[in-house]
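Coordinate analysis (summary)
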Amino acid sequence: MSAVQSAPIAITLPDGSVREVAAGTRCIDLAEQISHQLAKKAVGARIEGKLADLRTPLERSVRVEIVTADDPDGLTFLRHSAAHLLAEAVTELWPETKVAIGPVIADGFYYDFDRPEPFSSEDLEQIEKVMRKHAGAAEPIERTEVPHDAAMAKVTGFLGQGEIYKAEILEGILAEPGSVVSFYRQGTFTDLCEGPHVAHTGLIRHFKLLSVAGAYWRGDEKNKMLQRIYGTAYFKEDDLKAHLHRIEEAARRDHRKLGKELDLFGQYDDIGPGLILWHPKGALIRNEIETFWRKAHYEGGYDLVYTPHIAKTTLWNKSGHTGFYRENMFSGMDVDGQEYLVKPMNCPYHIQIFNNRTRSYRELPLRWAELGTVYRYERSGVLHGLLRVRGFTQDDAHLFVRPDQLESELDRVIDFVLYILRTFGFAKFEAYLATRPEKFVGEPAMWERATKALADALVKNGLDYEVDEGGGAFYGPKIDLKLKDTLGRSWQCSTIQVDFNNPERFDMKFTGSDGKEHRPVMIHRALMGSMERFFGCLVEQYAGHFPLWLAPVQCSVFPISEDVDEAALQVADRLRKAGLRIDYRDASDHLNARIKEAQLAKVPYMAVIGKREAEAGTVALRLASGKQEVMAIADLVGRLTREVQDKSLPS
RNA sequence: GCCGAGGUAGCUCAACGGUAGAGCAGCUGAUUCGUAAUCAGCAGGUUGUGGGUUCAAAUCCCAUCCUCGGCUCCA
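Computed from a predicted model, the values in this text were never measured in an experiment.

Before going further, it helps to examine the packing of aromatic side chains. Throughout the structure, instances matching the rule amount to 27 aromatic pairs. Between phenylalanine 292 and phenylalanine 424 the ring centres are 5.7 Å apart and the planes differ by 80 degrees, which places this aromatic pair in the edge-to-face class. Remark: phenylalanine 424 occurs in the loop between helix H13 (406–423) and strand S24 (430–434) and phenylalanine 292 occurs in helix H9 (residues 280–299); sequence separation between them is 132 residues. A residue is classified by how much of its surface remains accessible, and phenylalanine 292, at 8% relative accessible area, is buried. According to the relative accessible area criterion, phenylalanine 424 is buried, its value standing at 0%. The interplanar angle of 40 degrees and the centroid separation of 5.5 Å between the aromatic rings of phenylalanine 424 and tryptophan 549 together place this pair among those described as tilted. Note that phenylalanine 424 is positioned in the loop between H13 and S24 and tryptophan 549 in the loop between helix H16 (531–542) and strand S31 (555–559), a separation of 125 residues in sequence.

Put into structure tokens, the structure is as follows:
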């Protein structure tokens, strides 16, 4: 510690109190002054809200928070340093490796490397060992800041060492006037890095390297493919264990695994990638969902339409799809000398219906919904189970509204989507409001109004949202709702898009009360998004334990032995007549075996009938939890039908 | 599309240059049982596909299709 300047500065702490310290006091010293305990737990600091190293000297009167391991941001420090530790180990093991970037991500960190040979899983173990060695040595992690002119020399230095990526990053930093160039060093490893980091590698004790994957330099496929090593790190061993356990748990809920186990759907080599075949049980669930969906739509003031899978190319020229969407469309087919294309969207068809005759302002809003099956070419590498496919059925609808109805209609849609999603038990969404991009069609004033209407509708319905500035389509602003899968990946299901473009393109109009022609506004919306993706999310959401109204088999009925067959058959019959889906298994297998089988098939209820029940006219109901309840047959029927009726969620 | 890993019986996996095997599921028979696997027998595969190397290929090589982990994109 060098001599500190005499002028005291005032540090504001999170509790609002102000503490005077000498200028130049480091964050760690400040922590020590507050309490020794705090200093011991400190991993970093937040200065005016910005994360900083513990050794950062305080030169001015600022607001400071000490970040401890318990602070959510504490992991940022740890994981960033873990990424450096990874790079330190890799460059020690294979000195010819070039390093790119190593940031912190949601559940851990990664580092991108350029190395001719691929990293194997054995390599990961070896790397971990070397990481542990350096962690054990508790190497101090030291920051140095370099003035721009000195940094310029570093660029050529990096290039000389073949560190082309670092050179490129540094050039980028230097291009920004007033930017700070900083390096972090631990042991013999130095990295160009903004920070922040923990004080020494000894804090990085509980970590694991998880996977290797290819990743383009700067995410651009025109650039070289690098090798990305993913890992995670925690302060506490239990947290790391819990994280690894979560990964295993997620794998157990994976819709692809459950889809196979429960015989819900399949993909076939002879059919083609990204094309789903719904097996009877999956189809039954889908049918229940669709029945609910149709009813909700009729009740919600929608009309349903059906449109064909193909249309002449001229339609897609008019809609603009052959211009801006061509690379996602399957190639055309010749029909009597006319080219037809398979539909990637349903909207042009719905517009045709609208344009079929003149429309009065009194008719609007028109709400037309369709479970429309569309096909989109997706690059082979992005396909993923049911969540990303090439053929899928959208729960699509187009709302044709007068401009003055925009606000009320958007509010109504948001309310509706929440009703639908909540029925399935989804409670956590990520909402994004995408605003006007640089290239756009329509009037800026109209854009502003529509964007505000979308935002108001979100707020009114109690949804927090993030603004995706400039992320809207060229034809209008939109709201996307995302659901999270068990692997923490979020999938966009619901989308609500305002469209100023198609009404123009198709010259849509309605006659207003003034007798003049007006342009309607169009809203595209999908609530579940696609049946495939939504179903995939549902399987994971429920871990295969569907709520009773969706369960392919709702109740298995087991006679304990042959002599109560008749009584058990009567129970099955009564349940079936009440509209329930029943699986009857006679006593040719032992009761235990039948129970096990039904349990593995995730059948919600099992009704067991033995001599006692047959005599009393009761059943022994086994719940999914394994608990049993004896009840009268009429009570059983009532209980199950009520549960179906209410669409109760599994507890 | 790109980088990497992988495709063996319906499912989960073994065999990794020398005749392809197990458990579960299936079928047949016996067992009639009180809440997660009764017993026995039988059957089941041109090892994703096509080529090549070899006396011999599931195994080695090439191509191709598909799946998986990511990059990028979207419902």
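From this point, things continue past the structure.
Applying the stated rule across the entire model yields 46 salt bridges. The residue arginine 252 makes a salt bridge to glutamate 249 at a minimum N-O spacing of 2.7 Å. With arginine 252 and glutamate 249 both in helix H7 (residues 237–253) and three residues apart, this pair spans about one turn of that helix. With relative accessibility at 29%, the residue glutamate 249 sits in the partly exposed group.

Quick look at the sheet that holds strand S20 (residues 333–335) now. Taken together, three strands build an open sheet; the order of strands is S19-S21-S20 and the sheet is antiparallel. The open sheet is flanked by strand S19 (310–312) and S20, the only strands paired with a single partner. Ignoring strand direction, the axes of neighbouring strands in this sheet form an average angle of 40 degrees.

To continue, consider the state of the cysteines. What the rule picks out here adds up to zero disulfides. Cysteine 537 provides the cysteine sulfur closest to cysteine 493, a residue in no disulfide bond, and the two sulfurs are 4.2 Å apart. For cysteine 493, a relative accessible area of 3% gives the class buried. Classification of cysteine 537 by relative accessible area gives buried; the value is 5%.

What follows covers the side chain of threonine 91. Position of threonine 91 relative to the elements: it lies in helix H3 (residues 74–93). Looking at threonine 91, its side chain comes within polar contact range of the main-chain oxygen of alanine 87, at 2.8 Å. Dropping the residues within four chain positions of it, threonine 91 is found in contact with Thr97, Val99 and Phe189.

Of note, lysine 478 is situated in strand S26 (residues 478–484). Classification of lysine 478 by relative accessible area gives buried; the value is 17%. Measuring from C-alpha to C-alpha, the distance between lysine 478 and leucine 454 comes to 7.4 Å, with 24 residues separating the pair along the chain. Aside from chain neighbours lying at most four places away, what touches lysine 478 is Tyr432, Leu433, Ala434, Leu454, Gly471, Thr495, Ile496 and Gln497. At a separation of 3.3 Å, a polar atom in the side chain of lysine 478 contacts the side chain of aspartate 480.

For the rest of this paragraph, the subject is the pairing of strand S34 (residues 618–622). In terms of residue burial, S34 counts as a mostly covered element, since five of its five residues are buried. Side chains of S34 alternate between two faces, with Thr618, Ala620 and Arg622 and Val619 and Leu621 buried alike. Here strand S33 (residues 605–609) runs beside S34; their pairing, made up of three bridges, is antiparallel. Paired with alanine 607 across the two strands is leucine 621, which belongs to S34. Bridge count between S34 and strand S35 (residues 628–632): five bridges; the pairing is antiparallel. Across the sheet, valine 619 pairs through a bridge with methionine 631, a residue of S35. Counting the residues in the hairpin turn of S34 and S35 gives five residues, including glycine 626, whose phi is positive at 100 degrees.

Glancing now at the pairing of strand S23 (residues 391–401). Within S23, 11 of the 11 residues are buried, which leaves the element mostly enclosed by the surrounding structure. Burial of S23 is two-sided: the residues Gly391, Thr393, Asp395, Ala397, Leu399 and Val401 facing one way and the residues Phe392, Gln394, Asp396, His398 and Phe400 facing the other way are all buried. Relative to S23, strand S22 (residues 366–375) is paired through 10 bridges, and the arrangement is antiparallel. Among the inter-strand pairings, leucine 366 is bridged to a residue of S23, identified as phenylalanine 400. Two strands pair when backbone bridges link them, and S23 and strand S30 (residues 521–530) are joined in this way by seven bridges, in the antiparallel orientation. Bridging across to S30, phenylalanine 400 finds its partner in methionine 522.

Taken domain by domain, chain A comprises domain 1 (8–68), domain 2 (74–250), domain 3 (269–307 + 344–542), domain 4 (310–342) and domain 5 (555–646). Summarising the inter-unit geometry, the C-alpha centres of domain 1 and domain 3 are found 49 Å apart.

What counts as what
- Residues numbered from 1 in each chain as written.
- Chains lettered and ligands numbered in written order.
- Predicted model: local features only at pLDDT ≥ 70, side-chain atom pairs only at ≥ 80, totals over all residues.
- Heavy atoms only, no water.
- Phe/Tyr/Trp six-rings, centres within 6.5 Å; stacked < 30°, edge-to-face > 60°.
- Helix = DSSP H or I, 4+ residues; strand = E, 2+ residues; numbered from the N terminus.
- Buried < 20%, exposed > 50% of the residue type's maximum accessible area, 1.4 Å probe, protein only.
- Salt bridge = Lys/Arg side-chain N within 4 Å of Asp/Glu carboxyl O.
- Pairing = 2+ DSSP bridges.
- Axes fitted to C-alpha atoms, helices over the stretch in contact; angles between N-to-C directions.
- Disulfide = S-S within 2.5 Å.
- Polar contact = N/O pair within 3.5 Å; in protein donor to acceptor, adjacent residues only side chain to side chain.
- Contact = heavy atoms within 4.5 Å.
- Domains from an automatic or database assignment.

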